[in-house]
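One letter stands for each residue in the lines below.
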Amino acid sequence: MSDDSQWRVTGVDHVGIAVPDLDEAIAFYERAFGMRCTTIEVNEEQGVREAMIEAGDGAQIQLLAPLGDDGPIGRFLAKRGPGMQQIAYAVTDLDAAAAALRGRGIELLHETHRPGTGGCRVNFIHPRDAGGVLVELVERR
């Protein structure tokens, strides 16, 4: 088993919500809750246009709109419709976390990290190993 002293979860980084139209979703969160959009970017590798919304006390909501029907968010929307798609935990060392989790028989979706929002590094725990929830691990640099 891997050494947990090499990494730890430091909190919830964000909650990801799949939406069909990013601009409409941003407008809703700003109008309904007075929340502020802090970033909008395109992640070609993950097939999304995304926005981070400040939700108070350091919490964030990530709105994810598909670039096409064949990416993960496009497929999610086709199968389930709009809604919560993932929960993301901040970790101190993504590589150590991935090694420790794999050592426990937990499947990660990618062999190595992927680029995430704002230049962070991410990987995902397969939902079947996390109680049906897609868990994203985020290491901010």
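The preceding data block contains the structure.
Structural notes, computed from the coordinates. (Residues numbered from 1 in each chain as written. Predicted model: local features only at pLDDT ≥ 70, side-chain atom pairs only at ≥ 80, totals over all residues. Heavy atoms only, no water.)

## Details of the overall build of the chain
The condition is simple: Secondary structure elements are taken from DSSP: a helix is a run of H or I of four residues or more, a strand is a run of E of two residues or more, and numbering for both begins at the N terminus. Taken over C-alpha atoms, the radius of gyration is set against a globule rule of 2.2 Å times the number of residues to the power 0.38. Each residue's exposure class comes from its accessible area (1.4 Å probe, protein chains only) as a fraction of the maximum for that residue type: buried when under 20%, exposed when over 50%, partly exposed otherwise. It only takes one pair of heavy atoms within 4.5 Å for two residues to be counted as in contact. Here the accessible surface of atoms and residues is derived via Shrake-Rupley with a 1.4 Å probe, and residues count as covered only by protein chains that are part of the display. Residues counted as positive are Lys and Arg, residues counted as negative are Asp and Glu, and His and the chain ends are not counted. The atom standing in for a charge is NZ when the residue is Lys, CZ when it is Arg, CG when it is Asp and CD when it is Glu.
Helix and strand counts for the chain stand at 3 helices and 8 strands. The order of helices and strands in the chain, counted from the N terminus, is β-α-β-β-β-α-β-α-β-β-β. What you see for the chain is a C-alpha radius of gyration of 15 Å, in line with the 14 Å of a compact globule of 141 residues. For the chain, the spread of C-alpha atoms along the three principal axes comes to 45 × 35 × 25 Å. Counting only residues that meet the buried cut, the chain has 43% of its 141 residues in that class. The contacts in the chain between residues at least 6 apart in sequence include a share of 55% that link residues at least 24 apart. Element-wise, carbon and sulfur atoms account for 51% of the exposed surface of the chain, whose accessible area totals about 7600 Å². Treating the 14 positive side-chain charges of the chain as one cloud and the 22 negative ones as another, the clouds have centres 3 Å apart.

## Considering the sheet that holds strand β4 (residues 60–66)
This is how it is decided: For two strands to be treated as a pair, DSSP must find no fewer than two bridges joining them. In this analysis, axes come from line fits to C-alpha atoms, helices being fitted only over the stretch in contact, and the angle between any two N-to-C directions falls in the range 0 to 180 degrees.
Taken in spatial order, the 8 strands line up as β2-β3-β4-β1-β5-β8-β7-β6 in an open sheet, and their pairing is mixed. Edge strands, defined here as strands with exactly one partner in the open sheet, are β2 (36–43) and β6 (114–115). Running over the sheet, helix α3 (residues 94–103) touches β5 (83–91), β7 (121–125) and β8 (135–139) and is turned about 15° from β7.

## A word on the layout of surface pockets
Heads up, the rule is: Put plainly, a pocket is an open set of points on a 1 Å grid over the protein atoms alone with protein on both sides within 12 Å along at least five of seven lines, a cavity is a set where a 1.4 Å probe fits but cannot get out, and a lining residue has an atom within 4 Å of a point. Grid points are joined across faces, edges and corners, and a volume is the space filled by probe spheres set on the points. For this scheme, ten residues count as nonpolar: Ala, Val, Leu, Ile, Met, Phe, Trp, Tyr, Cys and Pro. Four count as charged, namely Asp, Glu, Lys and Arg, and the remainder, Gly too, count as polar.
Its volume calculated, the largest pocket comes out at about 720 Å³. It is helix α2 (residues 72–80) that contributes the most residues to the lining of the largest pocket, 6 residues altogether. Here the lining of the largest pocket is built from residues that sort into 14 nonpolar, 11 polar and 8 charged.

## Brief notes about the pairing of β7
Of all 5 residues that make up β7, 5 are buried, and the element is covered over most of its length. Alternating positions in β7 separate into two faces, R121, N123 and I125 on one and V122 and F124 on the other, with burial throughout. Pairing of β6 with β7, which is carried by 2 bridges, proceeds in the antiparallel orientation. Paired with P115 across the two strands is R121, which belongs to β7. A loop of 5 residues connects β6 with β7, the two strands running antiparallel in sequence, and G118 in this loop sits at a positive phi of about 65°. Summarising the sheet, β7 and β8 pair through 5 bridges and their orientation is antiparallel. Considered in β8, the bridge of F124 is made with E136.

## With respect to the environment of A98
Summarising the element assignment, A98 is placed in helix α3. Residues A98 and Y29, 69 residues apart in the sequence, show an inter-C-alpha distance of 33 Å.

Just geometry here; none of it tells us what the structure is for.
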